[in-house]
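Analysis of the macromolecular model
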2 protein chains.
Amino acid sequence: MNGIIKPSILPGFMELLPSEQIQFNRILETIKDTFEKNGFTPMDTPIIEKTEILLAKGGEETDKQTYSFTRGSNNLSLRFDLTVPFARYSAQYLSELTFPFRRYQIGKVFRGERNQRGRYREFYQCDIDIISNRDLSIASDAELPSIMYSILSKIGLQNFTIRINNRKLLNGFLKSLELSDITGVLRAIDKVDKIGSEAFKNELICLGICSDTVDKIYSFIILQGSNEEILSVIKKLDIDNETYKAGLNEIDEVSKLMKVFGVPEDKYVIDLKIARGLDYYTGTVYETILDEYPELGSICSGGRYDNLAQNYTKEKLQGVGMSIGLTRLFYVLKEIGLLKGEEGSTLTKVLIVTMDKNFEVAIAVAANFKNKGINTQIYFEEEKLNKKLNYANKLGIPYVIFIGENEVNNKRLKLKDMNTGNQLELSEEEVIKFLLAVGK
Amino acid sequence: MNGIIKPSILPGFMELLPSEQIQFNRILETIKDTFEKNGFTPMDTPIIEKTEILLAKGGEETDKQTYSFTRGSNNLSLRFDLTVPFARYSAQYLSELTFPFRRYQIGKVFRGERNQRGRYREFYQCDIDIISNRDLSIASDAELPSIMYSILSKIGLQNFTIRINNRKLLNGFLKSLELSDITGVLRAIDKVDKIGSEAFKNELICLGICSDTVDKIYSFIILQGSNEEILSVIKKLDIDNETYKAGLNEIDEVSKLMKVFGVPEDKYVIDLKIARGLDYYTGTVYETILDEYPELGSICSGGRYDNLAQNYTKEKLQGVGMSIGLTRLFYVLKEIGLLKGEEGSTLTKVLIVTMDKNFEVAIAVAANFKNKGINTQIYFEEEKLNKKLNYANKLGIPYVIFIGENEVNNKRLKLKDMNTGNQLELSEEEVIKFLLAVGK
């Protein structure tokens, strides 16, 4: 015989009690439903893939964080995001997909990060992308963040801001300064909010950029004001390169279209500090910050890319994508008290209690309820009535039905409202009408 | 620059094209919805757990098949089923759970099995269990297979049989023969359908059982007839031990109650060959066989257990559980042609096509449609009308709306039925009514 091992999970992994899980799933459903309402098709890829596929792009940080192992002669890895598998999938089934291809994917991804607040090593990502082998309208760049806006609003978040920038704009601006190491600058811009202005400027100086230019860069990226004000300032800058102009046009259009898509103007801002430096983005980029918890980082990010699947095919697939980090978002909602926990630990709407061992009637009534769409459970064990009511109470089952000899003979059911304590005697059909009327 | 790597996934992993994925998800939704209708609460556990937790029970086969690896000083494994994590979860949150606890869990599990037809290394399991720290009614043993029956029926399966046995019955019978190695016999019984009667008898003889007894065992396990006939035969056997009698009572009650739960009598049979020998079951056991494809093995199995979490707590948790192997089931449905593929490659109900760049109206109309619950997509790219219609056709989007200058001026929409080619000119409200009437 084995001894007893203390039950526990690994640090950095999220696990929920039933009442929390119900709330988590409700958010997941909202996301899924909104994606489908907007014409996105579900996709699923394996959690384990060939290491050479997942790490085809390379990148030291990613390589280090990825869970990799060997089995037999195979090098295997757990997916660390849903974008790389999507790129591989698009290349693999290229001839069978119809473009523009709109897919959503919701699933767990794995990163062996340092354990810190709100960061998990196994977490859900919820991705949408629209890709095409031809030109893809700039309208998609506005459509995606407006879908994300509607999701975040639906789940009860109020104080968040979608920050928008454009890599062409940033690249064009930096090009106009005739810098040699644009990547280094982008990397520094990416973290200016974290490290502060002094450290940022210092980093640029270390890259060999003279302090005049450093100041120009800093003034550009911290531009503040309404979207219209920022647009008007950056339009007037005397920068004459095609990249900058293209970026300007795009961000201008995206900003206007987001309004048309119904996003309130205080919910999205042009923020020239957003670089997403290490990514493959080439146009619009997004991050979403909780106004009161900027230190938690972005809960919904993404951008436009020119060549999604370049590691797997010569075919150029352009597109735009965004991703919600659901596990972190859930952690945040819990922290800031947006999950009220009034939901109970069950989805069951009604508990049927038999006063004798007359299961036949209880089972028939339950079948009828379930057919009508009511989540129903029968309490089969022989216990005192009090214990059964206590069970309903503890779980948060809102209604209890009693079936005893009297009820069977009179073809009536006794319905107890567990919140008010009120009892009604009704026919089966009346109970169904009642339960459907008070919501599922 | 990297070269191009041929996109592929590992052998033994399932990946679906959009039209198949839509069908897969529809089945998943049916399972989830039925579980919730029957009062089961959602649960989720990490995919990666501590190896010492997942392999606490031991078992050479499981150990070999499990994907294990180290990271830092930790020994990690991917879950190989949802039962062991459930046992760990129940022990870990014992004081916070309310019993009887009814949970469902749907998720991927991983087994590095030999690659063979219909077997996958990463596959979805869909589990339900009812556990309690007190006595749990035998009615649950009948409730679970009837829930599974209703799911299999709903997804269109017709020729399947739920096979039921009881470990007490089997143990009691073998005990009455005064055998020393009951486990060895159970293991042989478990595979008699695969290896045939000769090999089976031979295996028992190798265990040192005399041929008289071997014949007795064989005649017992291959008993055939209606459930009533089998029950009547095994009731008359002159076996006087408590285990046998308890098993007899249980299988009798389960058989009767399943009828009360509405399972047609030809859909469940008492099959004394079902042993599930290597498992922790102690009472009722189930397997579900496709009548025409018995060689594919069970697609839905489970049983009653006395002590779920014995490796993690001293508290005795008894219960009953069943699990659908969804990935294999989907493979089978595809193989036998039960997936007709008429569904198209999209969930989108209507494609909105603008005849100019008048996005404002298209976006407003789409928002209205989506609010009413209609999956809607706008085609933003500038292309010839023909190309746009072809896109709808290829994806299987059933309706297209045209919005041009005329339509905007007259506040009418042109609606084209892509199946019939018919066109109607309607108001926005009329279109919504129409689309809701033809189903989502």
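That block above? That's the structure.
Residues numbered from 1 in each chain as written. Chains lettered and ligands numbered in written order. Predicted model: local features only at pLDDT ≥ 70, side-chain atom pairs only at ≥ 80, totals over all residues. Heavy atoms only, no water.

Side note on empty space enclosed by the protein
One simple way to see leftover space: roll a probe sized like a water molecule over the atoms. Defined as follows: Only protein atoms enter the calculation, which uses a 1 Å grid: trapped sets of points that fit a 1.4 Å probe without letting it out are cavities, open sets showing protein on both sides within 12 Å along at least five of seven lines are pockets, and any residue with an atom within 4 Å of a point is a lining residue. Grid points are joined across faces, edges and corners, and a volume is the space filled by probe spheres set on the points. Only runs of H or I of at least four residues qualify as helices and only runs of E of at least two qualify as strands under DSSP, and these elements are numbered from the N terminus. Under the convention adopted here, Pro, Cys and the residues Ala, Val, Leu, Ile, Met, Phe, Trp and Tyr are nonpolar, Asp, Glu, Lys and Arg are charged, and Gly plus all remaining residues are polar.
Evaluation of the coordinates by the stated rule reveals 9 cavities of 30 Å³ or more. Volume-wise, the largest cavity comes out at about 790 Å³. Lining of the largest cavity is provided by 34 residues; of these, Leu28 and Tyr124 of chain A together with Leu28, Ile106 and Tyr124 of chain B occupy positions nearest its centre. Sorting the residues of the lining of the largest cavity by element identifies α1 (18-37) and β5 (101-110) of chain A together with α1 (18-37) and β5 (101-110) of chain B as the ones contributing at least two each. Counted by class, the lining of the largest cavity contains 16 nonpolar, 8 polar and 10 charged residues.

Notes on the pairing of strand β11 (residues 318-325) of chain B
Residue and element names in this part refer to chain B. Quick note on the threshold: Only protein chains enter the accessibility calculation, which uses a 1.4 Å probe; a residue whose area is less than 20% of its type maximum is buried, one above 50% is exposed, and one in between is partly exposed. By the convention used here, strands pair only if DSSP detects at least 2 bridges between them.
Of all the 8 residues making up β11, 8 are buried; the element is thus mostly covered by neighbouring parts of the structure. The two faces of β11 match: Gln318, Val320, Met322 and Ile324 on one face and Gly319, Gly321, Ser323 and Gly325 on the other face are all buried. Note: strand β6 (residues 122-132) against β11, 8 bridges, orientation antiparallel. Each bridged residue has a counterpart across the sheet, and for serine 132 the counterpart in β11 is glutamine 318. Of the pairings in the sheet, the one linking strand β10 (residues 300-305) to β11 comprises 6 bridges and is antiparallel in character. Pairing of tyrosine 305 across the sheet is with glycine 319, part of β11.

Overview of the pairing of strand β9 (residues 281-290) of chain B
Residues and elements named next belong to chain B. Within β9, 9 of the 10 residues are buried, leaving the element largely enclosed by the surrounding structure. Where strand β7 (residues 160-166) and β9 come together, 7 bridges link them in antiparallel fashion. Bridge pairing in β9 places phenylalanine 160 opposite leucine 290. Sheet analysis places β9 next to β10, joined by 3 bridges and oriented antiparallel. Considered in β10, the bridge of tyrosine 286 is made with glycine 302.

Thoughts on the environment of phenylalanine 330 of chain A
All names here are of chain A. Applied cut-off: We call two residues in contact whenever any of their non-hydrogen atoms come within 4.5 Å of each other.
Note on placement: phenylalanine 330 falls in helix α12 (residues 326-335). When its relative accessible area of 0% is taken as the criterion, phenylalanine 330 is described as buried. Other than its neighbours up to four places away in sequence, phenylalanine 330 contacts Met14, Leu16, Glu20, Gln23, Phe24, Ile27 and Leu339.

Thoughts on the relation of the copies chain A and chain B
Where we set the bar: The fit set for superposing copies consists of C-alpha atoms from residues with pLDDT of at least 70 in both; the fit itself is least squares.
Turning chain A through 180° and shifting it by 0.0 Å along the axis lays it on chain B, with an RMSD of 0.0 Å. When the rotation and shift are considered jointly, the pair of chain copies conforms to a two-fold rotation axis. Using C-alpha coordinates, one finds that chain A approaches the rotation axis most closely at phenylalanine 69 of chain A, a distance of 3.1 Å. Looking at chain A, 100% of its interface residues are interface residues in chain B too, so the copies touch through the same face.

Some thoughts on the interface of chain A and chain B
What counts is decided by this rule: A pair is scored as a salt bridge if a Lys or Arg side-chain nitrogen falls within 4 Å of a carboxyl oxygen belonging to Asp or Glu. For the purposes of these results, a polar contact is taken to be a pair of N or O atoms within 3.5 Å, where, inside protein, one atom must be able to donate a hydrogen and its partner to accept one; residues adjacent in sequence count only when each atom of the pair is a side-chain atom.
If you look at the interface, chain A gives 105 residues, while chain B gives 105 residues. Summed over the shared surface of chain A and chain B, the result is 8 salt bridges. Residue glutamate 15 of chain B pairs with arginine 88 of chain A through a salt bridge whose shortest N-O separation is 2.7 Å. Our count for the contact surface shared by chain A and chain B stands at 46 residue pairs in polar contact (both at pLDDT 80 or more). Top contributing element to the side of chain A that touches chain B by residue count: α1 of chain A, with 8 residues. Here the side of chain A that touches chain B is built from residues that sort into 49 nonpolar, 27 polar and 29 charged.

Some details on the sheet that holds strand β4 (residues 74-78) of chain B
All names here are of chain B. Quick reminder of the rule: Every axis corresponds to a line fitted to the C-alpha atoms, with the helix fit spanning only the stretch in contact, and the corresponding angles, defined between N-to-C directions, vary from 0 to 180 degrees.
Spatially, 3 strands are ordered β2-β4-β3 in an open sheet, and the strand pairing comes out antiparallel. Each of the sheet's edge strands pairs with one partner strand only, and the pair in question is β2 (48-50) and β3 (68-71). When the angles between neighbouring strand axes are averaged without regard to direction, this sheet yields 40°. As judged from the 4 bridges shared by β3 and β4, these two strands associate in the antiparallel manner.

Examining the packing of helix α6 (residues 167-176) of chain A against helix α9 (residues 211-221) of chain A
Residue and element names in this part refer to chain A. The condition is simple: Each angle is binned into one of four classes, with values under 35 degrees roughly parallel, values over 145 roughly antiparallel, values of 65 to 115 roughly perpendicular, and all other values oblique. Each helix crossing is assigned a hand: it is left-handed if the near helix lies turned anticlockwise from the far helix by less than a right angle, otherwise right-handed if that turn is clockwise.
It is at 11 Å that the axes of α6 and α9 come closest, and there the two elements cross at 160°. Comparing their axes, α9 and α6 come out roughly antiparallel. When the axes of α6 and α9 are compared, the crossing they make is right-handed. On the side of α6, the interface is formed by Leu169, Leu170, Phe173 and Leu174, while α9 contributes Lys216, Ile217, Phe220 and Ile221. Residue composition of the contact of α6 with α9, by class: 7 nonpolar, no polar and 1 charged.

Thoughts on the packing of helix α8 (residues 192-206) of chain A against α9 of chain A
Residues and elements named next belong to chain A. Their axes nearest at 9 Å, the elements α8 and α9 cross at an angle of 160°. When the interaxial angle is binned, α8 and α9 end up roughly antiparallel. As for the relative orientation of α8 and α9, their crossing is right-handed in sense. Counted together, Val192, Ser197, Phe200, Lys201, Leu204 and Ile205 of α8 and Val214, Asp215, Ile217, Tyr218 and Ile221 of α9 form the full contact between these two elements.

Notes on the sheet that holds strand β7 (residues 160-166) of chain A
In spatial order, the strands read β1-β5-β6-β11-β10-β9-β7-β8 (chain A); together these 8 strands make up an open sheet with mixed pairing. At either end of the open sheet lies a strand with only one pairing partner, and these are β1 (41-42) and β8 (268-270) of chain A.

Notes on helix α12 (residues 326-335) of chain B
Residue and element names in this part refer to chain B. Summarising burial for α12: 8 of the 10 residues are buried, a large majority. Inspection of α12 places Leu326, Thr327, Arg328, Leu329, Phe330, Tyr331, Val332 and Leu333 among the buried residues, and these make up the whole buried set. Where α12 is buried, its residues contact α1, β6, α5 (139-154), β9 and β11. Where α12 ends, the next residue or the one after it, glycine 337, has phi of about 80°, a positive value.

Comments concerning unusual backbone geometry
Put simply, phenylalanine 99 of chain A and proline 100 of chain A share a cis peptide bond, and its omega is -5°. As for its position among the elements, proline 100 of chain A is in the loop between α4 (83-92) and β5. A positive phi angle is found at glutamate 178 of chain A, which is not glycine, with a value near 55°. One can find glutamate 178 of chain A in the loop between α6 and α7 (182-190). The exposed category is assigned to glutamate 178 of chain A, whose relative accessible area is 73%. The phi dihedral of lysine 411 of chain B falls on the positive side, at around 55°, and the residue is not glycine. When you line up the elements, lysine 411 of chain B lands in the loop between α15 (405-410) and β15 (413-417).

Overview of the pattern of salt bridges
All chains considered together, the criterion is met by 60 salt bridges over all chains. Notably, a salt bridge pairs lysine 387 of chain B with glutamate 383 of chain B, separated by 4.0 Å at the nearest N-O pair. Bridged by salt links that share partners, the residues Arg163, Asp193, Asp271 and Lys273 of chain A form one connected network.

What about the environment of leucine 333 of chain A?
All names here are of chain A. Within the fold, leucine 333 resides in helix α12. A relative accessible area of 1% places leucine 333 in the buried class. Residues leucine 333 and isoleucine 155, spaced 178 residues apart in sequence, show a C-alpha to C-alpha distance of 9.4 Å. Once residues lying within four places of it in the same chain are set aside, the contact partners of leucine 333 are Ile27, Ile155, Leu157, Leu338 and Leu339.

Notes on the packing of aromatic side chains
To describe a pair of aromatic rings, one takes the distance between the centres and the angle between the planes. Here is the rule we go by: Whether two aromatic rings pair depends on their centres lying within 6.5 Å, for rings of Phe, Tyr and Trp, where Trp uses its six-membered ring; planes under 30 degrees apart make the pair stacked, over 60 edge-to-face, and the rest tilted. Placement of a positive charge over a ring is assigned whenever Lys NZ or Arg CZ falls within 6 Å of the ring centre and within 35 degrees of the normal to the ring plane.
Counting across every chain of the model gives 33 aromatic pairs over all chains. Plain terms: the ring middles of phenylalanine 24 of chain A and phenylalanine 330 of chain A are 5.1 Å apart, the flat faces sit at 70° to each other, and that makes the pair edge-to-face. Of this pair, phenylalanine 24 of chain A sits in helix α1 while phenylalanine 330 of chain A sits in helix α12, and the two are 306 residues apart along the sequence. Seen from their ring centres, phenylalanine 69 of chain A and phenylalanine 69 of chain B are 4.6 Å apart, and the 5° between their planes marks the pair as stacked. Here phenylalanine 69 of chain A is found in strand β3 (residues 68-71), whereas its partner phenylalanine 69 of chain B is found in strand β3 on a different chain. The class for phenylalanine 69 of chain B is buried, based on a relative accessible area of 8%. A connected cluster of aromatic rings, assembled from ring pairs, spans Tyr67 and Phe69 of chain A together with Tyr67 and Phe69 of chain B. Residue placement shows lysine 267 of chain A over the ring face of phenylalanine 160 of chain A; its charged tip is 5.4 Å from the ring centre.

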